[in-house]
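# Structural overview
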Amino acid sequence: MRADQPKRTRPLLTSRSISRDLTLSLVVIVMIIATAMGGYIYWQQSQDMWKTAEEKGEDTITSVAEILAVPIWNLDYDNARLIGSVYTHDDMVQGIRIYGSRNEVVFAHEKFSGAPADFSKIRSIVFEGRTIGRAEIDFTLAKEKKRLDEQMFVSIIIIVVAISVILAITGLLLRVFLNKPLMVLQSGIARVAKGDFSYDFGEVYHAELQEIAKRFRRMSIEIEGRENKLQTMNKTLQEAEEKYRGIFENAIEGIFQATPDGVLRRANPAMARIFGYDSLDEFLSNVRSLNSRIMVNPENMKGFTDLVREKGEVKRFEAEYYRRDGKTIWGSLNARAIYGDDGNFVFVEGILEDITDRKKAEQDLADLNRHLEQLVRERTEDLVNKARELDEMKSAFLSSVSHELRTPLTSILGFAKLLNKEFTRNFLPLVSPDSSLARKGKRIRENLAIISHEGERLTRLINDVLDLNKIESGSMGWRDEKLDMNEVIEVAANSVSGMFAQTSLELLTEVEPNLPAIFADRDRMQQVLINLLNNASKFTEAGHVTIRAFPRFGQLRVEVVDTGTGIHPEDQSQIFEKFHQTHTDDTMVNKPKGTGLGLTICREIIEHYGGRIWVESEVGVGSTFIFTLPAMQ
């Protein structure tokens with residue numbers, strides 16, 4: 001053994017027993033299987049326990065809510081407390097709370113157990129369709145968990161006893177069937193190691209051990225075959241060396257070998273030709289080192305050397321070089337570090353390729369690209385300026401048109417209302433109710449009402465167009481402040497309550513108290529809510545419209561739910577686009593049409609504050625318009 005050869009460490013366990021390892025492995029496998037089965041059984045029983053508890057909890061809370069309906073409705077709180085106290089004797093019930101219609105506490109009882117409840121159930125107390133209170137029950141599974149743990153303890157004891165029995169039986173079987181054959185095999189291997197390949201392991205009757213004996217007898221034959229292969233490989237290496245020498249001498253790229261300090265040890269004729277020398281000897285005589293001033297920028301050579309030392313190789317290292325005649329060329333270097341047996345950096349092998357023509361082509365291409373980029377920049381600036389001019393023209397046009405339309409619209413609406421009033425006061429009393437003039441008068445009033453209605457719709461369209469234009473052009477004046485959304489939602493609901501009073505619809509609010517504040521424009525938030533509520537009432541014949549609000553994942557979530565006709569799937573992805581009108585069934589043909597911009601404005605406002613708005617709908621069931629806004633931290 002060589003003195004510098006690293007000493008091989010000896011394993012910690014030098015006299016391990018196969019029988020012991022097999023026994024230990026079997027024990028581990030049995031323990032893993034037993035643990036997995038026990039864990040699965042424990043998990044399955046836990047799931048059954050939870051499922052049963054959930055069902056019992058659901059039955060309990062349902063029974064409590066049904067039984068309490070009459071006492072709470074009759075304000076018989078003593079009877080309600082008596083009913084609540086009865087359920088406190090249930091082992092699963094850890095706490096029960098009963099609230100009246102004004103959220104007052106009618107009955108509350110908590111069992112002190114030192115641990116939180118496992119789950120809770122809440123159920124509204126309903127009497128004749130009206131919610132008059134609620135019941136809350138906290139459930140504990142402490143007794144069931146204790147019973148389950150006791151069952152698992154008994155199972156563990158059974159597993160330990162079974163493993164002990166398996167250990168004893170396994171140890172006995174291994175001594176009989178494994179140790180004796182292994183001793184015979186060990187004796188035979190010792191004889192083979194001394195060169196006695198005729199030993200046939202006759203005492204071994206196991207097929208696996210007999211296969212080992214056959215392999216030992218083939219060993220000498222394989223050694224002779226390997227000697228022949230080594231001789232063939234040496235011959236192949238000599239041929240490869242001759243081939244490499246031919247490639248080295250005839251290559252068109254420069255090939256060199258240098259020391260870590262840059263001193264050239266070898267080079268091929270192509271290296272001399274690249275630098276303008278007539279012969280290799282002349283090149284090596286004049287350029288003895290890579291550190292000679294053959295590079296236009298000497299710092300590049302230092303960078304090349306540092307890269308080879310740090311990374312062990314360099315690929316496509318491009319630099320400019322001086323030729324013998326003083327002209328410059330571009331070269332691309334590929335090199336790698338060669339290390340000795342001791343791991344030290346011995347020398348550098350590299351290939352130099354003349355890339356002067358390619359660099360010239362790249363320079364021409366770069367000049368062309370710069371020229372094209374300049375043309376693109378100039379064209380882009382022209383397009384940006386024209387787009388800016390178009391935006392300004394559009395804003396000016398909309399402002400002018402809206403002003404020119406509002407003035408005659410105001411007159412039309414005023415005169416239509418005045419004409420309707422005068423016609424009703426001065427003409428209709430003069431005609432007989434059953435005459436043809438009365439019927440014509442009625443038709444004239446209906447036409448005047450259509451003029452007023454369509455004039456108001458056109459006014460709303462102008463206002464919506466101007467609002468949308470301000471938002472898109474960035475000229476909208478946002479008066480942002482910290483908003484109490486409970487107050488904002490209440491004001492919006494009150495604003496549309498008069499409209500709902502004229503219909504058979506019911507407006508419901510399910511708003512959680514103390515909603516998180518948001519930072520936004522109060523008027524714009526009112527505009528979003530009123531638009532959504534107006535749309536819901538417009539496309540709902542019967543039923544109710546519900547506005548919900550609650551915090552979720554650091555955001556405020558608001559939902560406007562209706563029981564209307566619903567929205568077709570093909571319309572849901574386009575409903576927030578400008579001037580898009582949804583398809584409705586025949587029962588809604590007489591409903592007033594909107595401007596087609598309300599939902600677009602809602603989307604722009606919500607997205608301005610970093611929120612998101614979308615719709616979920618089913619035809620014939622109803623629609624839910626949802627938007628979320630980030631809450632203030």
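Residues numbered from 1 in each chain as written. Predicted model: local features only at pLDDT ≥ 70, side-chain atom pairs only at ≥ 80, totals over all residues. Heavy atoms only, no water.

On to the overall build of the protein chain. Scanning the protein chain for helices and strands turns up 14 helices and 16 strands. Across the protein chain, contacts joining residues at least 24 apart in sequence account for 60% of those joining residues at least 6 apart. Working note: accessible area of the protein chain is about 41100 Å², and carbon and sulfur atoms make up 55% of it. (Helix = DSSP H or I, 4+ residues; strand = E, 2+ residues; numbered from the N terminus. Contact = heavy atoms within 4.5 Å. Areas by Shrake-Rupley, 256 points an atom, 1.4 Å probe, with all protein chains shown as cover.)

Here we come to the packing of helix α12 (residues 522-538) against helix α14 (residues 598-608). Where α12 contacts α14, the two axes come as close as 10 Å, and the packing angle between them is 145 degrees. Seen along the crossing, α12 lies across α14 with a hand that is left-handed. Side by side, α12 and α14 meet where Arg524, Met525, Gln527, Val528, Asn531, Leu532 and Asn535 of the first sit next to Gly598, Leu599, Ile601, Cys602, Ile605 and Ile606 of the second. Classifying every residue of the contact of α12 with α14 by side-chain character gives eight nonpolar, four polar and one charged. (Axes fitted to C-alpha atoms, helices over the stretch in contact; angles between N-to-C directions. Left-handed = near helix turned anticlockwise from the far one by under 90°. Nonpolar A, V, L, I, M, F, W, Y, C, P; charged D, E, K, R; others polar.)

In this section: the packing of helix α11 (residues 485-501) against α12. Two elements in contact, α11 and α12, have axes whose closest approach is 9 Å; the angle formed by their N-to-C orientations is 40 degrees. Looking at the two axes, α11 sits oblique to α12. Crossing geometry of α11 relative to α12 is assigned as right-handed. The residues of α12 that touch α11, namely those facing Glu487, Val488, Ile489, Val491, Ala492, Ala493, Ser495, Val496, Met499 and Phe500, are Arg522, Met525, Gln526, Leu529, Ile530, Leu533, Asn534 and Ser537. Here the residues of the contact of α11 with α12 are counted per class, giving 12 nonpolar, four polar and two charged. (Parallel < 35°, antiparallel > 145°, perpendicular 65-115°, else oblique.)

Quick look at the sheet that holds strand β14 (residues 555-562) now. Strand order in the open sheet made by the five strands is β11-β13-β14-β16-β15, with mixed pairing throughout. Unpaired on one side and paired on the other, β11 (506-511) and β15 (612-618) mark the two borders of the sheet. Strand-to-strand twist in this sheet, taken as the mean axis angle between neighbours without regard to direction, amounts to 15 degrees. Pairing of β15 with strand β16 (residues 622-630), which is carried by seven bridges, proceeds in the antiparallel orientation. For Ser617, the partnering residue across the bridge sits in β16 and is Ser623. (Pairing = 2+ DSSP bridges.)

This model, assessed by the stated rule, comprises two cavities of 30 Å³ or more. A volume near 80 Å³ is recorded for the largest cavity. Taken together, 13 residues form the lining of the largest cavity, with Gly262, Leu290, Phe304, Thr305 and Val348 sitting closest to its centre. Contributions of two or more residues to the lining of the largest cavity are made by β5 (254-258) and α8 (298-311). The element best represented in the lining of the largest cavity is α8, accounting for four residues. (1 Å grid on protein atoms, 1.4 Å probe; cavity = no way out; pocket = protein on both sides within 12 Å on 5 of 7 lines; lining within 4 Å. Points joined across faces, edges and corners; volume = space filled by probe spheres on them.)

Here we take up the nonpolar core. In terms of nonpolar packing, the biggest core is built from 40 residues, with Met485, Ile518, Met525, Leu529, Leu532, Phe625 and Phe627 touching the most fellow members. Those elements that place two or more of their residues in this core are α11, β12 (518-521), α12, β13 (544-552), β14, α14, β15 and β16. Sequence-distant contacts of Ile518, defined by excluding residues within four places in its chain, comprise Glu481, Lys482, Leu483, Met485, Met525, Leu556, Leu629, Pro630, Ala631 and Met632. Listed in part, the 27 residues of the second largest apolar core include Leu290, Ile294, Met295 and Leu333. (Core = buried A, V, L, I, M, F, W, Y, C linked by side-chain atoms within 4.5 Å. Buried < 20%, exposed > 50% of the residue type's maximum accessible area, 1.4 Å probe, protein only.)

Strand order in the open sheet formed by five strands is β6-β5-β9-β8-β7, with antiparallel pairing between adjacent strands. Strands with a single pairing partner mark the edges of an open sheet, and in this sheet they are β6 (264-267) and β7 (313-322). In this sheet, adjacent strand axes meet at a mean angle of 25 degrees when their direction is disregarded. As paired elements, β5 and strand β9 (residues 345-354) share five bridges and run antiparallel to each other.

Turning our attention to the pattern of salt bridges. Following the criterion strictly, the structure yields 28 salt bridges and no others. A salt bridge links Lys121 to Glu58; the shortest N-O distance between them is 3.3 Å. Pair noted here: Lys121 is in strand β3 (residues 119-127) and Glu58 is in helix α1 (residues 18-73), with a separation of 63 residues, a long-range link. One salt bridge in this structure joins Arg324 and Glu282, with 2.5 Å as the shortest N-O distance. (Salt bridge = Lys/Arg side-chain N within 4 Å of Asp/Glu carboxyl O.)

Between its first and last C-alpha atoms α11 spans 24 Å; for 17 residues at 1.5 Å apiece the expected length is 24 Å, and the two agree. At Ser495, α11 shows its maximal bend, which comes to roughly 30 degrees. For α11, every residue scored as buried is listed here: Met485, Val488, Ile489, Ala492, Ala493, Val496 and Phe500. Looking at the buried residues of α11, the elements they touch are β10 (480-483), β11, β12, α12, β13 and β14. (Expected span 1.5 Å × (residues − 1). Bend = angle between axes of the 7 residues up to and from the residue.)

What follows concerns the packing of aromatic side chains. Taken as a whole and judged by the stated rule, the model has 10 aromatic pairs. Arranged with centres 5.7 Å apart and planes meeting at 25 degrees, the rings of Phe275 and Phe283 form a pair that is stacked. Considered together, Phe275 and Phe283 belong to a single accessibility category, that of buried residues. When the ring of Tyr277 is compared with that of Phe283, the centres are 5.7 Å apart and the planes differ by 65 degrees; the resulting orientation is edge-to-face. For the pair shown, Tyr277 and Phe283 are each scored as buried. Members of the aromatic cluster, each reached through a chain of ring pairs, are Phe275, Tyr277, Phe283 and Tyr321. Lys359 extends its terminal NZ or CZ atom over the ring of Trp330, reaching a point 4.5 Å from the ring centre. (Phe/Tyr/Trp six-rings, centres within 6.5 Å; stacked < 30°, edge-to-face > 60°. Lys NZ or Arg CZ within 6 Å of the ring centre and 35° of its normal.)

Interpretation in functional terms is not warranted from these geometric data alone.
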